[in-house]
There are 2 protein chains.
Amino acid sequence: MPEQRELTIQGWGRPTRPRDATVTTGAAGDDGTLELTAFPDLAEVLSKGARRYLARELGWTPRPTRPVAVGAIRLAPSRLAEECRTRLVELLGEDHVRTDRDSRLRHAGGKSYLDLLRRRAGDASDAPDAVLTPGSTEETAALLALCSEMAVVVVPFGGGTSVVGGLSGIDPDDRPSVSVDLGRMASVRSLDVPSSLVTVQPGLRGPALEEHLAGHGLTLGHLPQSWEFATLGGYAATRSAGQSSTGVGRFDDLVAGVTLATPAGVVELGSPPASAAGPDLLGLALGSEGALGIITELRLRVRPTARSQAYEGWSFRSWAAGLAGLQQLARHDLLPDVVRLSDPDETRANLQMAGGTGAKALRGTLRARRRGAGCLLVVGWEGLPSLVRARRRAAASVLRDAGAARVGRRVGESWRRHRFAAPYLRDSLMDAGLLVETLETAAPWTALPAVYDAVREALHASLRRSGKRPLVMSHVSHGYATGASLYVTVLADRDDALPIQQWLLAKRAATDALLAAGGTLTHHHAVGADHRPWLEREIGPLGVEVLRAVKQRLDPQGICNPGVLLPD
Amino acid sequence: MPEQRELTIQGWGRPTRPRDATVTTGAAGDDGTLELTAFPDLAEVLSKGARRYLARELGWTPRPTRPVAVGAIRLAPSRLAEECRTRLVELLGEDHVRTDRDSRLRHAGGKSYLDLLRRRAGDASDAPDAVLTPGSTEETAALLALCSEMAVVVVPFGGGTSVVGGLSGIDPDDRPSVSVDLGRMASVRSLDVPSSLVTVQPGLRGPALEEHLAGHGLTLGHLPQSWEFATLGGYAATRSAGQSSTGVGRFDDLVAGVTLATPAGVVELGSPPASAAGPDLLGLALGSEGALGIITELRLRVRPTARSQAYEGWSFRSWAAGLAGLQQLARHDLLPDVVRLSDPDETRANLQMAGGTGAKALRGTLRARRRGAGCLLVVGWEGLPSLVRARRRAAASVLRDAGAARVGRRVGESWRRHRFAAPYLRDSLMDAGLLVETLETAAPWTALPAVYDAVREALHASLRRSGKRPLVMSHVSHGYATGASLYVTVLADRDDALPIQQWLLAKRAATDALLAAGGTLTHHHAVGADHRPWLEREIGPLGVEVLRAVKQRLDPQGICNPGVLLPD
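Residues numbered from 1 in each chain as written. Chains lettered and ligands numbered in written order. Predicted model: local features only at pLDDT ≥ 70, side-chain atom pairs only at ≥ 80, totals over all residues. Heavy atoms only, no water.

An unreviewed UniProt entry annotates chain A as FAD-binding oxidoreductase originating from Geodermatophilus sabuli. We quote the UniProt Cofactor (unreviewed entry) comment for chain A here in full: "FAD". UniProt, in the comment section headed Sequence similarities (unreviewed entry), describes chain A in these words: "Belongs to the FAD-binding oxidoreductase/transferase type 4 family." (UniProt positions renumbered as here; feature names shortened; annotations may be inferred.)

In C-alpha cells form, the structure reads like this:
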C-alpha cells in the first residue's frame, strides 16, 4: 500500500511535518532514532476566538501534552513461536510475515480516544506479535486454518480506524496474535454495469474505488468520516453508515454479497438482488467484526454519479422543533440524502469555532432574523435534477411548516468541505490537554428526545464528578422512517493523572443511560472491545447464545478476534 | 377467527356455493355427511374465447376432474398421546387443543398445486395430530418447551397459504405433530405514529391491519397475491414480497423487530431504526419458516396512505427490449412502485383471456400501432402528487428511449382489480383437468435473460416428455437496482395417472436450470419442503451448517417444523 496514505501510529492521518522532527536523544527505536509525532499546533488549526471559546466553556487552559516519541513506545518481543512463523512463511512467503517493530506498532489497536491515549503514553501492549499480508481468499482461509491449529489469535486489519477497540480486544487465553492486514487485497475484481454491481477485495479504500467507478460514471456513495483510510471490508465487518446514508443507505444496504473465509472453510453469502431461500446469512457476516472469520471479497451496489447536488442550511428555533421537523420529513419519505441536525450546544460551538466569512455571514443572518443560534440543520440533495427539485420543494414546505428558516447554501457547502476534518483536529486538541471523544446511538423518533437527555445528563454528571466542565455537542446524523441516529461529541479538560478512567466512567454512564432510555448500543461504530459488556443487554442472553453457536461452528478454537463483539 | 374468511380444504378461498352441495352418500365424515367442494365451473369464470385459446395452446379438452368429497378424505386417527393432550390442555385450556376431524383437515398442508392434488384425491396424510391455539407469547413459549420435552413436532400455522410445502414437511423421526394456529393472536398491540411503527400479533391478516391503519391515515402496503388470507407472521417467516414491493420494499424491509418464541426461550430481535451492535439476528428469524421457533409479535414500519396513485400500461416490442428498459429505470432509481413486465406468451394469453371492453380496446390500440402483442408492462406509482408526477415524467422518458409505448390507464386499473384473482381461477382450472402451478426466482439483470431461457426450456422439455404441450407464461414481478424477480405460471394438460410425478419432474428440471443459470432458489415463496433439496446449492454446505448450529441452539430436539428449510 505505498500509494495509499497512512495513519500515524499515535493519531489520525499524516502529521503535517512528517519525520522532520526525528531526534536522536532518549529511548531508541529499532533504528536507534527517536521519531516524534508532530501534529499541528492548536493555534494553527483553531482561531484565537475558537480557542478562547473552548477555554471559557471547559474551564481549561491549553497546555502541551504531546505524545512520547515513537521510539519510546514500549513493545514486548514477539511471542510468535518460530515453528509458527516458519509455517506461515511457507504459506505466505517471507515478505508477508512481519515481526519488525514498525509493522507491529502500525497494527496496534485502532483510533479511539482510548487507543490514542495508550499510544501517546508509550503503551503498545495491544500490538500483534506479527503482521500477515495474505494475497487471496485461499491464502486467507489457509492461514485461518493454520492459526486455528496452532492456537494463534487472528485480528483482521483493514484501515485500522476502529473507534470502539475493534483491534484492541484481549484474548482471555492470552495466546500469541497476528494482525492480518488486507492491504494486498485491494483491487476491483469486476464491474457489472447493467446490474449496478462491483466486486472488490476487502482492503480497497473508498477513494480508490470511487476513482475507479468515476471512470464509468458511477459511485458507491459511502462516505463515513473515516473515508480516507477505512477499507470496504472494514465497512462490512462493522456495519458502517456513511454521511449520505439517509440517501444511499447504510453500508449493509450496499452489500449484495460477501465471501467469508473462516477456520472451518469458505462460505459465499448473498443472492442479489433478493432471495427468500431461508434466513439471511449475509447479515451474519455484516457486523461480525472479524469474530467469525475474514471477509475476502464483496459485491457492492453502485449507482450513477448524481447529476445534481444541492447542499443547504436551515435553522430551527429549538431542538424539539428540529426533531419534530425531521420526523415529519421521515414519515413522508422526504428526508434529504444527507441530514444533520445540530443541537443548541453543537450549533453554538460550530458558529463560534468556524472561521472564515461564511460563519460570520451566518451569524449575521441569524441575528437579523432574531433567531439566536437555535439548531442548525444541514441537508444535502443528490440525484436527477428534476427529482431533486421536486423533493426539495416538498421538503421545504414541510420544514417551513415546522418553523424552520432557510439560511443558505454556504452552510451546506462549508459542512461538505470539512466533512473529514474532525479526527485531524482531535490530535491537536489532545496535544493541548483535552479529552476528545465521540459516541453514537439510534432510537425510534418517539424515544429520541429521552435518549438525548439521558446521554447528556450522564456525561455531564460523570465528568463533573471528576471536577471538569464538559462540552457535550450532539447531532442527528442519519434519518430513517422509524427513527434517527444521534452522534455525540464530548470535550473536557483531561484528567492527566487518570485519563483512561475519566473517559471509561463517562462512557459507561452514557451507555447505561442510552440503553435504559431505548437507544441502541451503537448505530454505526460497531461493538468492538469497548461495547461488548453491553451486548447482552442489546440482544438478550439467548441472542448472545445464538451468536456463540455460529462462532463455535465457524471458529471452533475461538481464534478469530476473540476480544471483541461477544462477551467472555 | 370466525370473522375472517376461510380457505377451503381442497382449494383457495370460499367456494361460491358453500355447503349447499352437501350430500349424504358415499364415505361419511365425522358428522355422517359428505360435503362436496364446489368451485365455479370454468365456463363461469372464463369466456368461450379464453377456453378455446387454452384448448388450442395446450392440446387439451376440458374434462370434469372434481375433488373427492370432503367427507371422503382419508385421515388417520390422531397419534397425540393422551398424556400429551392432557398437559397441553392444562396449559392452553380444553378449547385450544383440538383433535377433531375438521380442525385437523383445515390445518393439513398448504395451497401448492401438490397440496391441492393430494387433498382433492382424498389424501390428508400431512394433517397434524392436533391443532393448538395459544393466546400469547408466554403460552407459545411454554407449549414449545412442552412439545420439546414430549417429542412432539410443532408446525406453526398462519394463513395456511404456503405454496412450497411449508406445512407439508415430513419429520424424519415420524413423531406426532401439532399445528399451532396463531389465529387467536391476531390483534394490533400498539401504534407509534411519529415513529411509523405498529406492533402486531402474528395471526393478524393484511386486510384487518390495513383497516386499522386506514383509521390513522396509514398503510403497511404489503400486498402479495395471498393477501386476503395470509398472516403477518407468515410473511415474516417466509420473507414474502408484495406486489408493490419495488416501492414499499419486501416484507423484510418492513420488519423492525420480532419476538421469537423457541423451545430454548424467547428472544427479542431488531433495534429500530438501525443498529451496528453485531450481526443482524433479526435476519435469522425472517425466513426461518417455523424451523427455529414461532414469531409471536412483530414491529412493522407503516407509512401515510398514498395521496396519489397512478396505474398504467406500456408496451414493448420484445422481451429483451422490456428487460433493458426496466434495467435502465432500475439503475437510475426510477422504478415505479409496482412493476410487472409480461413476456410474449403471458402478454398474448392475457390479451386472449381477459374479458370485457378493456382488453378489446387494448387489442385495438396495439393493432393500430402495429405492435403485435409484444410485451405488456404494468406500472403503478404511489405517493405525494408532486413526487409521483416528477418520477413518472422521468421514467416515461427512459421508457420511451427504450422503445416502449404508453397504452393507457385501463390496463393498469384492470390489473389492480384482478390482482388477487389467479388462485381462485386455479381451482376451476384444476376441476377441468389442468396442471396449474407457479414458480419464481430472481437474478442480477445480466443473468436474467439466461435464467428466463433456462427455466422455459426446462419446463417445456420436461412436460413435453410426458406428451403434453405446456403454456409457460413469465413476468418480471419485482425490480431492484441490481436485478429482478421472475414469476412463471405453467399450464398443461394434467397427467391424471401420475399428476404429482408430472409436476415434480418439471419442477426439478426448472429448479436445476434456474440455479445453474444464476438465479436464486426462491425470491419470495420460501424454501418449505419443496425447495429444501436445493438449499445447499444456494448457500453452500457451510451455510447449511451455520443454520443447523443456530437451530441446534434454539431447538435442540428438532421439533420445530423439521420437514422444511434444512435438508435432512
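Listed as interface residues are 78 residues of chain B and, on the opposing side, 78 residues of chain A. Summed over both partners, the interface of chain B with chain A comes to about 6,000 Å²; 65% of that surface belongs to carbon and sulfur atoms. The partner of R301 of chain A in a salt bridge is D333 of chain B, with the nearest N and O atoms 3.4 Å apart. Of all the secondary-structure elements, those providing two or more residues to the side of chain B that touches chain A are β9 (265-269), α11 (282-285), β11 (303-304), α12 (319-331), α15 (385-401), β16 (434-444), β18 (483-493) and α20 (535-554) of chain B. When residues in the side of chain B that touches chain A are grouped by element, the largest group, 12 residues, is from α20 of chain B. Here the side of chain B that touches chain A is composed, by residue class, of 41 nonpolar, 23 polar and 14 charged. (Contact = heavy atoms within 4.5 Å. Buried area = accessible area lost by both parts, 1.4 Å probe. Salt bridge = Lys/Arg side-chain N within 4 Å of Asp/Glu carboxyl O. Helix = DSSP H or I, 4+ residues; strand = E, 2+ residues; numbered from the N terminus. Nonpolar A, V, L, I, M, F, W, Y, C, P; charged D, E, K, R; others polar.)

Attention shifts here to the environment of A395 of chain A. Residue and element names in this part refer to chain A. Take A395: it is sitting in helix α15 (residues 385-401). By relative accessible area, which is 0% here, A395 ends up buried. A sequence separation of 40 residues divides A395 from L435, and the C-alpha atoms of the two residues are 38 Å apart. For A395, the contacting residues outside a window of four places in its chain are L329, L334 and W381. (Buried < 20%, exposed > 50% of the residue type's maximum accessible area, 1.4 Å probe, protein only.)

Per the UniProt record, "domain: FAD-binding PCMH-type" (unreviewed entry) is found at residues 124-305 of chain A. Annotation note: span residues 124-305 of chain A, helix share 23%, strand share 26%, distance between end C-alpha atoms 42 Å.

Before going further, it helps to spend a moment on the relation of the copies chain B and chain A. Under the fitted operation, chain B is carried onto chain A by 0.0 Å of movement along the axis and a turn of 180 degrees, and the coordinates agree to an RMSD of 0.0 Å. These values place the two chain copies in the arrangement generated by a two-fold rotation axis. Among all residues of chain B, the minimum C-alpha distance to the rotation axis is found for A549 of chain B, at 2.9 Å. Mapped onto chain A, 100% of the interface residues of chain B are again interface residues, and the two copies thus contact each other with one and the same surface. (Least-squares fit on C-alpha atoms with pLDDT ≥ 70 in both.)

All names here are of chain A. Considering every residue of chain A, the mean pLDDT works out to 93; 95% of them sit at 70 or more. Counted against residues more than four places away or in other chains, residues 17-32, with its pLDDT under 50, gives 23 contacts. Prediction confidence for the complex, expressed as pTM and ipTM, is 0.95 and 0.95 respectively. (pLDDT = per-residue confidence, 0-100.)

What follows covers the pattern of salt bridges. Once their charged atoms are close, side chains differing in charge can pair, the charge on each being opposite to the other. As enumerated under the stated definition, the model contains 68 salt bridges over all chains in all. R553 of chain A serves as the salt-bridge partner of E545 of chain B, at 3.5 Å between the closest nitrogen and oxygen. Separated into two different chains, E545 of chain B in helix α20 and R553 of chain A in helix α20 (residues 535-554) make up a pair that spans both. The partly exposed category is assigned to E545 of chain B, whose relative accessible area is 28%. What makes R553 of chain A partly exposed here is its relative accessible area of 30%. Here E149 of chain B makes a salt bridge to R87 of chain B, at a shortest N to O gap of 2.9 Å. In this pair, E149 of chain B is assigned in helix α6 (residues 137-150) and R87 of chain B in helix α3 (residues 82-92), connecting sequence segments 62 residues apart. A relative accessible area of 27% means that R87 of chain B is categorised as partly exposed. Members of the salt-bridge network, linked through shared partners, are R63, K468, D493, R494 and D496 of chain A.

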